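Chain residues, written in single-letter form:
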Amino acid sequence: MSERKVRVRFAPSPTGPLHIGGVRTALYNYLFAKQHGGEMILRIEDTDTQRFVPGAEEYIIESFQWLGLPFDEGVGYGGKYGPYRQSERKEIYKKYVDRLLDAGRAYIAFDTPEELEAKRKEIPNFQYDASTRMQMRNSLTLPAEEVKSLIDAGHRYVVRTKIEPGEDIHVNDLIRGEVVINTSILDDKVLYKSADHLPTYHLANIVDDHLMEITHVIRGEEWLSSAPLHVLLYRYLGWADTMPCFAHLPLLLKPEGGGKLSKRDGDRLGFPVFPLEWRDPKSGEVSSGYRESGYLPEAVINFLALLGWNPGDNRELIAMDELISLFDLAHCSKSGAKFDYEKGKWFNHQYIRKRSDKDIAAMFRPVLEQHGVVGTDEAYVEKVVGLMKERVSFVPELWEQTYYFFVAPETYDEKTRKKRWKEDSAAQLTELIEVLRRREPFDVEGTEEYVKTWIAGKGYNLGNIMNAARLALVGQGIGPQVFHITEAIGKEETIRRIGRAIEVLG
């Protein structure tokens, strides 16, 4: 294995939107591959035709483009090991189904759904295995001529793997160590269905991983129970020597623990569980996405990386190049990771602070347009963003923090007015207008010193004037330092707003 180039794959099913747990699995594959100078493949496992959802494949590709996780080959990327959609590989799989049948490692079963249901009622905890297969309708119990006749007549069938009981199967997991499962508890899994001429996941992923020269299979722990079957299939097909290494990642758990993270948890607690917004093509239901909720992709990546893995120290803000250099499967947890969505908000806040004002302004512009603010000078938006981005966790929140930089107040918060607008506020602000008219340049530091000198000279209360001025400029008692507001909106607008407040509030 050490001489082979590291090749990993992420192989989602196009059965709906990409779950954030799947994103984390892809991320860990990506980090592992890049650290070892390897390659990551995007393979679409669309053999479950009954659950196929239109648009899901495109959604998956767009999600990774937004997240900044490029693949080296696969669907949408090309490569020499294609095709990369399993539905386009039917003839390939059939070849290996026949090989297993010829070797006696699999058999054909004709049992109908009704017959299987009857057997489940007859035998408690029924499973199709060595103890029951000889009671069923399959190529082990039927004459060869009848098997051929049924197939020729178009009867539907499945191909099942033939697993003999009593053998310990050893799975060497890079996270969990050696896992031993006895074949006595395994059933004869379906490998192929004549109804659609497609394999099930179990056969398809073994064949594809072998033919695509995958060296490491890094996937969720829900597949750990299937790993012994996969080990057997590698052996049955003669590929044991090139079988990939396995690593089964811990689950993402509900925020309070006690179960796998689901969409319902996000709906219940108000956070996304999908990278992008998803509209269900059947129901029309819209599910929120991290992108549309205002998360930055690098914040999502950093947040997910630390759910189930740690760098070996207490650092939290880790850029992609650092993640690649630090990532180690040995530092992955064996137990599930609680999905702390509040921590996700914290990461986003940190990355908004790190992003340039220009970048954040570009993301904020659509929000401004939604509120009817159009044609605003780019430099002005950047200036406002620079003043206020430290106060938000999401770009859309900037509107609540900055609207008064773009729209003059039409009303004044009554609670703030009662507290901040004094009997002499109107007279003092009338004087302030004349002071401001004389001030040039209308900058922050100079104007502040100029006004404070005037206030001190008049013997006025600094706090009273500043609080009243803020109410006049903003309409509420919020915002940054008053002179940052006055410089941003300019002298003319500052004087106009103060003058209007005097007229309205008296």
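Residues numbered from 1 in each chain as written. Predicted model: local features only at pLDDT ≥ 70, side-chain atom pairs only at ≥ 80, totals over all residues. Heavy atoms only, no water.

Undergrad: Sorry, what's going on with the overall build of the protein chain here?
TA: Check the secondary structure of the protein chain and you find 20 helices and 15 strands. Here the C-alpha radius of gyration of the protein chain, 32 Å, is well above what a compact globule of 506 residues would show, namely 23 Å. Projected onto its principal axes, the C-alpha positions of the protein chain cover 110 × 50 × 40 Å. With 506 residues in all, the protein chain has 50% of them scored as buried. Contacts in the protein chain between residues far apart in sequence, at least 24 positions, make up 72% of those at least 6 positions apart. Accessible area for the protein chain stands at about 23,500 Å²; split by element, carbon and sulfur atoms hold 48% of it. (Helix = DSSP H or I, 4+ residues; strand = E, 2+ residues; numbered from the N terminus. Rg over C-alpha atoms; globule rule 2.2 N^0.38 Å. Buried < 20%, exposed > 50% of the residue type's maximum accessible area, 1.4 Å probe, protein only. Contact = heavy atoms within 4.5 Å. Areas by Shrake-Rupley, 256 points an atom, 1.4 Å probe, with all protein chains shown as cover.)

Undergrad: Just to check I follow, could you spell out the sheet that holds strand 9 (residues 198–199) for this structure?
TA: Within a sheet, neighbouring strands are paired by backbone hydrogen bonds and run either parallel or antiparallel to one another. Pairing in this open sheet of four strands is antiparallel, and the strands run 4-5-8-9 from one edge to the other. Sheet topology places strand 4 (106–109) and strand 9 at the edges, where each strand pairs with a single neighbour. Where strand 5 (residues 158–161) lies against strand 8 (residues 190–193), three bridges are found, and the strand directions are antiparallel. Within the sheet, the bridge partner assigned to R160 lies in strand 8 and is V190. (Pairing = 2+ DSSP bridges.)

Undergrad: Quick question: what am I supposed to make of the pairing of strand 1 (residues 7–10) here?
TA: Regular strands place their side chains on alternate faces of the sheet. Every second residue of strand 1 is oriented toward a common face, with R7 and R9 on one face and V8 and F10 on the other, all of them buried. As paired elements, strand 1 and strand 2 (residues 39–42) share four bridges and run parallel to each other. Paired with F10 across the two strands is L42, which belongs to strand 2. Taken together, strand 1, helix 1 (residues 20–35) and strand 2 form a β-α-β motif whose crossover is right-handed. (Right-handed = clockwise from strand over helix to strand, strands pointing away.)

Undergrad: How should I be thinking about empty space enclosed by the protein in this particular structure?
TA: Space left empty within the atom packing is revealed by a probe, the size of a water molecule, rolled over the atoms. In this structure the tally under the stated criterion is one cavity of 30 Å³ or more. The volume enclosed by the largest cavity comes to roughly 50 Å³. Lining the largest cavity are L432, L436, M466, A469, L473, V482, F483, T486, T494 and I498. Elements with a contribution of two residues or more to the lining of the largest cavity: helix 16 (425–438), helix 18 (462–474), helix 19 (482–489) and helix 20 (491–505). Among the residues making up the lining of the largest cavity, the classes are represented as eight nonpolar, two polar and no charged. (1 Å grid on protein atoms, 1.4 Å probe; cavity = no way out; pocket = protein on both sides within 12 Å on 5 of 7 lines; lining within 4 Å. Points joined across faces, edges and corners; volume = space filled by probe spheres on them. Nonpolar A, V, L, I, M, F, W, Y, C, P; charged D, E, K, R; others polar.)

Undergrad: Quick question: what am I supposed to make of the side chain of D187 here?
TA: Mapped onto the elements, D187 comes out in the loop between strand 7 (177–182) and strand 8. The class of D187 is buried, set by a relative accessible area of 19%. A distance of 2.6 Å separates polar atoms of two side chains, one belonging to D187 and the other to K189. Excluding its chain neighbours within four sequence positions, the residues that come into contact with D187 are Q127, Y128, D129 and I163. (Polar contact = N/O pair within 3.5 Å; in protein donor to acceptor, adjacent residues only side chain to side chain.)

Undergrad: Would you take a moment to explain the sheet that holds strand 3 (residues 73–74) for this structure?
TA: In space, the three strands of this open sheet follow the order 1-2-3, with parallel pairing throughout. The sheet terminates laterally at strand 1 and strand 3, the two strands that pair on one side only.

Undergrad: Looking at this model, I keep getting lost on the layout of surface pockets. Mind explaining?
TA: Quantified by volume, the second largest pocket comes out at close to 220 Å³. Along the wall of the second largest pocket there are 14 residues; nearest its centre are R291, G294, M363, V395 and P396. Ranked by residue count, the leading element in the lining of the second largest pocket is helix 12 (residues 357–370), at four residues.

Undergrad: Which parts of the structure should I look at to understand the packing of aromatic side chains?
TA: Aromatic ring pairs: the centre-centre distance and the angle between the two ring planes describe each pair. In the structure shown here, the tally under the stated rule is 24 aromatic pairs. Each ring, one from Y107 and one from Y128, has its centre 6.3 Å from the other, and the planes form 35°; the classification is tilted. In this pair, Y107 is assigned in strand 4 and Y128 in the loop between helix 4 (113–122) and helix 5 (144–152), connecting sequence segments 21 residues apart. Owing to a relative accessible area of 0%, Y107 belongs among the buried residues under this scheme. (Phe/Tyr/Trp six-rings, centres within 6.5 Å; stacked < 30°, edge-to-face > 60°.)

Undergrad: Explain the packing of helix 16 against helix 18 here, please?
TA: A packed helix pair is summarised by two numbers, namely the angle formed by the two axes and the spacing between the axes. Between helix 16 and helix 18, the least distance of the axes is 10 Å, while the angle of their chain directions is 85°. With respect to their mutual orientation, helix 16 and helix 18 come out roughly perpendicular. For the pair helix 16 and helix 18, the contacting residues are S425, Q428, L429 and L432 in the first and I465, A468 and A469 in the second. (Axes fitted to C-alpha atoms, helices over the stretch in contact; angles between N-to-C directions. Parallel < 35°, antiparallel > 145°, perpendicular 65-115°, else oblique.)

Undergrad: Explanation requested: the side chain of S262 in the structure shown.
TA: For S262, the position within the fold is in the loop between strand 12 (252–253) and helix 8 (263–269). Judged by its relative accessible area of 15%, S262 is buried. If near-sequence neighbours (up to four positions away) are discounted, S262 is found in contact with H19, K254 and V273.

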